[in-house]
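Coordinates in review
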Amino acid sequence: MRITVQEAAFDLGAETNAFAAGHTDMGAIVTFTGVVRDLPDDPLVAMEIEHYPGMTEAALTDIATRAQERWHLGDVLVIHRYGRMAPGEAIMMVATAAPHRRDAFEAAEYLMDFLKSRAPFWKREITANGASEWVEAKDTDEDALSRW
Amino acid sequence: MRITVQEAAFDLGAETNAFAAGHTDMGAIVTFTGVVRDLPDDPLVAMEIEHYPGMTEAALTDIATRAQERWHLGDVLVIHRYGRMAPGEAIMMVATAAPHRRDAFEAAEYLMDFLKSRAPFWKREITANGASEWVEAKDTDEDALSRW
Amino acid sequence: MDVLYFAWVRERIGLPREKVETEAATVNDLVAELRAREERYDMAFSDLSALRVALDQQLSDFDAPLAGVREVAFFPPMTGG
Amino acid sequence: MDVLYFAWVRERIGLPREKVETEAATVNDLVAELRAREERYDMAFSDLSALRVALDQQLSDFDAPLAGVREVAFFPPMTGG
């Protein structure tokens, strides 16, 4: 298991290759990547993410540990950034390796559902006029937890 | 949509980066990669995949088109190899880009479930003593289709 | 009509494709004609539940009509991914 | 006891963390003490349903006891991913 919380950008492809290369005994690799959306008519100029150092790593480790207890997994990777990032940049990724595809898929969805609502990150959107607004949590994200 | 059926190996990280870079207007990117399992005590020395040129591309395009009709997706990528590949090598990958993570995840699972049982590929395992055996289709793979 | 064989069907019959002159009305009729030819065909088609058929590169059924079909393919259940 | 504030809770209260001397038995008691201090605290804690609390970096509840707790954090619902 590798949990990384960092300010710097990461290379999705390089991380994906490194993760896959470390698990050639696993038949199935799933990745999820969250991206700051870059829409043509969007006033968004940046996303800022605040987090709770210490608790963030603990919460992500706890979520990943639960996933490993629940599914037959070879490994789990979570990378999540904080600080300021531009539209089009990757915010975070998770990766799962498993002998079977269903485990890899379900575990990745589980990681994402809990990461969204249980890891202490808060997003703020900075718009062209300099205004900034905290992103509100969605009821659908809280509801997503009920399926697990 | 890009559907590629090829004999050559592909670079999972490079394909993932290229796919993500082409869809910065999408918040969620999911990839699935199937790997020839490389187990320490496994007699497997190679996997050979036969396919049905023409029908393969048509079947994959049909599956991807159905996924795009069913979920809100920005794009779909399918790469599948045929011919001989060594343990540890990637056999295939799918990628989905969507505004929301649930669509990206479900569409990727749907693509995989149908690709497994409806795209004309046949795997053969070559063992150390030179014997080769066709991989048998699993009932669980056929059953997986019933959820869609 | 082009008849194609894949995977172990190809191996049992011993060739990947052949031209077949037939008046068979359905896939089942074509299978019966092929089985009557030689032992290796008879063996290959002995358990249809272990076989799939595609007509002009579309998955189909053994009771489907062959009118207008140019390419028939027989193969075991797929194992891609 | 260290009390931490994140996101708009931090902005409304105007600081990211502070030391608080308290005999509060529960999180609710601590919140009542803070609200009584100043308008900005009263505003920040006006709707507890919009807030979450962590005790020693574990998510908890407002009626949880504070005995033995060294770090309390208040923040809005998380929005990672």
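Our structure is the block above this text.
The following refers to the structure shown. (Residues numbered from 1 in each chain as written. Chains lettered and ligands numbered in written order. Predicted model: local features only at pLDDT ≥ 70, side-chain atom pairs only at ≥ 80, totals over all residues. Heavy atoms only, no water.)

Next up on the list: the overall build of chain C. Tallying secondary structure elements over chain C gives three helices and five strands in all. Secondary structure elements of chain C occur, N-terminal to C-terminal, as β-α-β-α-α-β-β-β. Relative to the compact-globule value of 12 Å for 81 residues, chain C shows a C-alpha radius of gyration of 12 Å, a close match. Along the first, second and third principal axes, the C-alpha atoms of chain C reach 30 × 30 × 20 Å. The buried share of chain C, reckoned over its 81 residues, is 48%. Across chain C, every contact between residues at least 6 apart in sequence was considered, and the portion connecting residues at least 24 apart equals 50%. Here chain C has roughly 4000 Å² of accessible surface; of this, 47% comes from carbon and sulfur atoms. (Helix = DSSP H or I, 4+ residues; strand = E, 2+ residues; numbered from the N terminus. Rg over C-alpha atoms; globule rule 2.2 N^0.38 Å. Buried < 20%, exposed > 50% of the residue type's maximum accessible area, 1.4 Å probe, protein only. Contact = heavy atoms within 4.5 Å. Areas by Shrake-Rupley, 256 points an atom, 1.4 Å probe, with all protein chains shown as cover.)

It is worth spelling out the pairing of strand β7 (residues 121-127) of chain B at this point. Residues and elements named next belong to chain B. Within β7, five of the seven residues are buried, which leaves it mostly tucked inside the rest of the structure. As paired strands, strand β3 (residues 44-51) and β7 are joined by seven bridges and run antiparallel to one another. Looking across to β7, one finds that Ile49 is bridged to Lys123. Both β7 and strand β8 (residues 132-134) contribute to a ladder of three bridges, which runs antiparallel. When the sheet's bridge partners are listed, Arg124 is paired in β8 with Trp134. Linking two consecutive strands that pair antiparallel, namely β7 and β8, is a turn of four residues; a positive phi of about 90° is found at Gly130 within it. (Pairing = 2+ DSSP bridges.)

Interchain contacts are distributed over three pairs of chains, and the most extensive set of them lies between chains A and B. Without any contact between them, chain A and chain C keep their closest C-alpha atoms 10 Å apart. Kept free of each other, chain C and chain D leave a smallest C-alpha distance of 28 Å between them.

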